[in-house]
Amino acid sequence: MSNNEVVIGLEVHVQVTSLRTKLFCGCSSDYRDKPPNTNVCPVCLGLPGVLPVLNKKAIEKAIAVALALNSKISEEIVFVRKHYFYPDLPKNYQISQYDRYGLVPVAVGGSVTIDVGGLSKTVRIRRINIEEDTGRIVYPEKTVLGSKYALVDYNRAGIALLEIVTEPDFRSPREARIFLEKLASILEHLDVADTSLEGAMRADANVSVGGKARVEIKNIGSPRDLEKALSYEITRQLNIVKSGGVIERETRHWIKERGITVPSRAKELEGEYRYFPDPDLPPVPVTAELIEKVASSLPELPDSRAKRISREYGVGDYMASVLVLHKRLCDHFEHAARACGNPKLVSSILINEFLRWLDEADIPLSVGILRLSTDRICKLVQYFEKGVVSIKLLKEYVRLAVLEDRDPEDLVKQGITTIGEEEELERLVDEVFKENPKAVSDALRDPKAINFLVGQVMKKTKGRADPKIVNEIIKRRLAEYGS
Ligand code: ZN
Ligand code: MN
C-alpha cells in the first residue's frame, strides 16, 4: 500500500419515508415538525407488555432496494435485538438484523456502478439491513456542554430504516460523494425515500490513510457534507502523521456548522451488543412469488434512464450520468427539454451552471428548481437563440435566478442584454467621437491612436465594458468615417 493511500467505506442509514407508518406500530412515519412526543404509542415507546407487528410494506421496499443493488436476497428475514443503553433508545435495544452466528440480513453482496469524471467504477455492497430508527436527543442550548439538561423526543423512534453497508472501495472523498448521490437517486427512483428531507439519509464513513488506524465519522447528513467531512478528516490525519503523531482508532462526529470532525463517545465493541433473535418477531419467509412481484413493478432506474436520455436527447453519456444523479433534476431536465427544445443547452445550463451555484450557496435542489423553473429555462433558451443574450450573459442570468430568484424576463426588461449593452456602447462611442475630433482624425491615419479613443469610452463606462468589444465598435465606426 502506498504511503498515503486513502481507503473509505460507508454505512448509510436511510429512512423509508414512502411508508405511511413506522416499522412495528401504526404511528405515522411523518414525524417531522410535530410537537415532541406526540407521534408515539406504547409500542414505539417500548412500554412493558407490548408486541411489535411488522410493517410488511417495509419488506417489499427492502427487496426492491436489494434488487436494484444486485444483492442476494435472503430466504428468511430474522430480526435481532441489539442492546445498548442510551436515552434515545426506549427499549434499551434496537430491533435490527445481524450477519453472524447463522443469522443473515435481508440481503448480502451487490454492487453499484458510479461515474467518476467519465471513468466507470464498481462499488461493492456488503449488506442491507432493516432496522428501526431511534428517538432524538434535544439539547436546549444546541450543544451538549452548553446545556444544563437534555430532552428526548421519541417521535422518530421506530421509523423504518434501511442500513446499507459498502465494502471499503472508495479512494477519495469525491468517489464517496458520487456514490451517495447515486444511491440517493436509486432510492428516489424506487420511491423508497425522499433523501432531501432532513435526517432521511445519514452516512457514517470509515476512513484510513496509508494503512493506519481506521477512524469512523458519524452522522453526515448529505453527499456534499460527506465529501467535506472526509476531506477534512484526511487532512487532519495527514497533519498528525507529518508532525510525528499517531492516528488513534476512534469515532468522531461531523459538525456541519463548523466544518470539522470532533471526537465522540467510544463505540461499544461488537460483543457488547449481546445480539440475539427477537422472540417477539417470528422469522418472515421471503418467497419467490414476493420477489417476483416486487421485481415486476420495479421502475426505470438511473443507469437505464441515463442510457435512454443520452439516446433520446443526444446530450452525451457523461451529461446523462450527471443528470440521473438527482431524480428531481433529471425530471426537471426532461420536462424543460420537451417544453423548450434545445436539450443540449438545457443540460448544460443545469449541469454546468445551476448545480454549481446550488453547491456554492448550499441551496436545496427543490428550492433551486422553483427558482430556475421550466418557464425561466425556456425564456433563457429563447433569448440565447435570438441573440438577446450572449452565452456569458445567459450564465449570469442563471446565477441571478438561483441566488436571487430573479426572472430572466425582468432582467431583459431592465435592459441587461447583449443587444442593450452594444447599443449603449455605440452611443458612448459616438459621444467620444464628437468630443475628440482630433483624436478621430489621428486614428484614421494611425491605427495605434485608437487606444486613446478606447480609453475615453472605458472611462465613460467606469471600466465596466469589455475593451475588446469597444475596440471593435470603434474600428467599425472609423471604417464608416473613412469611406
Ligand atoms: Zn408507535
Ligand atoms: Mn444501524
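Note that the coordinates shown come from a computational prediction; the quantities given were computed from them, not determined experimentally.

**Quick look at the overall build of the chain**
Thought 1: Each helix and strand counted, the chain has 16 helices and 17 strands in total.
Thought 2: Taken over the C-alpha trace, the chain has a radius of gyration of 29 Å; the compact-globule value for 483 residues is 23 Å, which it surpasses by more than 25%.
Thought 3: In the chain, buried positions account for 49% of the 483 residues.
Thought 4: Taking the intrachain contacts of the chain between residues at least 6 apart in sequence as the baseline, contacts between residues at least 24 apart amount to 68%.
Thought 5: Of the accessible surface of the chain, which amounts to about 24,100 Å², a share of 53% is contributed by carbon and sulfur atoms.

**Side note on the pairing of strand β11 (residues 160-166)**
Thought 1: Counting buried residues in β11 gives 7 out of 7 residues, a clear majority hidden from the surface.
Thought 2: Going residue by residue along β11, you find Ala160, Leu162, Ile164 and Thr166 tucked away on one face and Leu161, Glu163 and Val165 tucked away on the opposite face as well.
Thought 3: The sheet contact formed by strand β1 (residues 6-15) and β11 spans 5 bridges and is antiparallel. What sits directly across from Gln15, in β11, is Leu161.

**Notes on the packing of aromatic side chains**
Thought 1: Within this structure, the stated rule accounts for 6 aromatic pairs.
Thought 2: Consider the rings of Phe24 and Phe79, whose centres lie 5.5 Å apart with planes at 85 degrees: the pair is edge-to-face. Separated by 55 residues along the polypeptide, Phe24 in the loop between β1 and α1 (56-68) and Phe79 in the loop between β3 (76-77) and β4 (80-83) bring together distant segments of the chain.
Thought 3: Phe79 sits in the buried class, given a relative accessible area of 1%.
Thought 4: A ring pair is formed by Phe170 and Phe179, whose centres lie 5.3 Å apart and whose planes are at 55 degrees; its orientation type is tilted.
Thought 5: Ring pairs connect the aromatic residues Tyr84, Tyr98, Tyr273 and Tyr275, which therefore count as one cluster.
Thought 6: Lying across the ring of Tyr273, Lys82 places its NZ or CZ 4.5 Å from the centre.
Thought 7: Here the basic side chain of Arg399 rests over the ring of Trp357, its NZ or CZ set 5.9 Å away from the ring centre.

**Comments concerning the packing of helix α14 (residues 437-445) against helix α15 (residues 450-460)**
Thought 1: As a packed pair, α14 and α15 sit with axes 8 Å apart at the nearest point and diverge in direction by 135 degrees. Relative to α15, the element α14 is oriented oblique. Side by side, α14 and α15 meet where Ala439, Val440 and Ala443 of the first sit next to Ile450, Phe452 and Leu453 of the second.
Thought 2: For the contact of α14 with α15, a count of residues per class yields 6 nonpolar, no polar and no charged.

**Structural notes on the coordination of the zinc ion (ligand 1)**
Thought 1: Taken together, the protein ligands of the zinc ion (ligand 1) are Cys25 (SG), Cys27 (SG), Cys41 (SG) and Cys44 (SG), with distances of 2.3 to 2.4 Å.
Thought 2: In this structure, the zinc ion (ligand 1) is surrounded by 4 donor atoms whose angles at the metal cover 102 to 114 degrees, and the resulting shape is tetrahedral.

**Some points on unusual backbone geometry**
Thought 1: With a phi angle near 65 degrees, Asn92 is a residue other than glycine that sits in the positive phi range.
Thought 2: Within the fold, Asn92 resides in the loop between β4 and β5 (93-96).
Thought 3: With a relative accessible area of 33%, Asn92 lands in the partly exposed category.

**Considering the nonpolar core**
Thought 1: Among the nonpolar cores identified, the biggest contains 70 residues, and Leu10, Val65, Leu69, Ile128, Ile130 and Phe179 are the most heavily contacted of them.
Thought 2: With residues near it in sequence (within four places) discarded, Leu10 still touches Ile164, Val165, Thr166, Phe170, Ala176, Phe179, Asp204, Ala205 and Leu226.

**Looking at the coordination of the manganese ion (ligand 2)**
Thought 1: Within the protein, the atoms that donate to the manganese ion (ligand 2) are His13 (NE2), Glu131 (OE) and Glu163 (OE), at distances of 2.0 to 2.2 Å.
Thought 2: Positions of the donor residues of the manganese ion (ligand 2) along the chain correspond to the pattern H-x117-E-x31-E. A residue pair is termed long-range when its members are at least 10 positions apart, and His13 in strand β1 and Glu131 in strand β8 (residues 119-132) qualify at 118 residues.
Thought 3: By relative accessible area, which is 12% here, His13 ends up buried.
Thought 4: Look at Glu131 and you get buried, because its relative accessible area is 2%.

**Here's the deal with α1**
Thought 1: An ideal rise of 1.5 Å per residue puts 18 Å on 13 residues; α1 measures up with 19 Å between its terminal C-alpha atoms.
Thought 2: Within α1 the residues assigned to the buried category are Ala58, Ile59, Lys61, Ala62, Ile63, Ala64, Val65, Ala66 and Ala68.
Thought 3: N-capping of α1 is provided by Asn55, with a side-chain oxygen placed 3.1 Å from the backbone N of Lys57.
Thought 4: Immediately beyond the C-terminal end of α1, within one or two residues, lies Asn70, with a positive phi of roughly 55 degrees.

**Some thoughts on the pairing of β1**
Within a regular beta strand, the side chains point alternately toward one face of the sheet and then the other, so they alternate between its two faces.
Thought 1: With respect to burial, β1 is a largely interior element, 10 of its 10 residues being buried.
Thought 2: The two faces of β1 match: Val6, Ile8, Leu10, Val12 and Val14 on one face and Val7, Gly9, Glu11, His13 and Gln15 on the other face are all buried.
Thought 3: Here β1 runs beside strand β12 (residues 201-209); their pairing, made up of 9 bridges, is antiparallel. Bridge pairing links Val14 to Met201 in β12.

**Examining the domain arrangement of the chain**
Thought 1: Here the chain is partitioned into domain 1 (6-293), domain 2 (307-413) and domain 3 (422-482).
Thought 2: Just the C-alpha atoms count here: the centres of domain 1 and domain 3 sit 65 Å apart.

**So, a nonpolar patch on the surface**
Thought 1: Residues Val138, Tyr149 and Leu151 make up a contiguous nonpolar surface patch of about 270 Å² in total accessible area.
Thought 2: Here Val138 is to be found in strand β9 (residues 136-138).
Thought 3: On the basis of relative accessibility, which here comes to 31%, the residue Val138 falls in the partly exposed class.

Criteria and cut-off values
Residues numbered from 1 in each chain as written. Chains lettered and ligands numbered in written order. Predicted model: local features only at pLDDT ≥ 70, side-chain atom pairs only at ≥ 80, totals over all residues. Heavy atoms only, no water. Helix = DSSP H or I, 4+ residues; strand = E, 2+ residues; numbered from the N terminus. Rg over C-alpha atoms; globule rule 2.2 N^0.38 Å. Buried < 20%, exposed > 50% of the residue type's maximum accessible area, 1.4 Å probe, protein only. Contact = heavy atoms within 4.5 Å. Areas by Shrake-Rupley, 256 points an atom, 1.4 Å probe, with all protein chains shown as cover. Pairing = 2+ DSSP bridges. Phe/Tyr/Trp six-rings, centres within 6.5 Å; stacked < 30°, edge-to-face > 60°. Lys NZ or Arg CZ within 6 Å of the ring centre and 35° of its normal. Axes fitted to C-alpha atoms, helices over the stretch in contact; angles between N-to-C directions. Parallel < 35°, antiparallel > 145°, perpendicular 65-115°, else oblique. Nonpolar A, V, L, I, M, F, W, Y, C, P; charged D, E, K, R; others polar. Donors = N, O, S within 2.8 Å, 3.2 Å for Na, K, Ca; no water. Tetrahedral: all angles 85-135°; square planar, octahedral: opposite > 155°, others 65-115°. Core = buried A, V, L, I, M, F, W, Y, C linked by side-chain atoms within 4.5 Å. Expected span 1.5 Å × (residues − 1). Polar contact = N/O pair within 3.5 Å; in protein donor to acceptor, adjacent residues only side chain to side chain. Domains from an automatic or database assignment. Patch = residues over 30% accessible without salt bridge, like charges linked within 9 Å, V, L, I, M, F, W, Y side chains within 5 Å. Salt bridge = Lys/Arg side-chain N within 4 Å of Asp/Glu carboxyl O.

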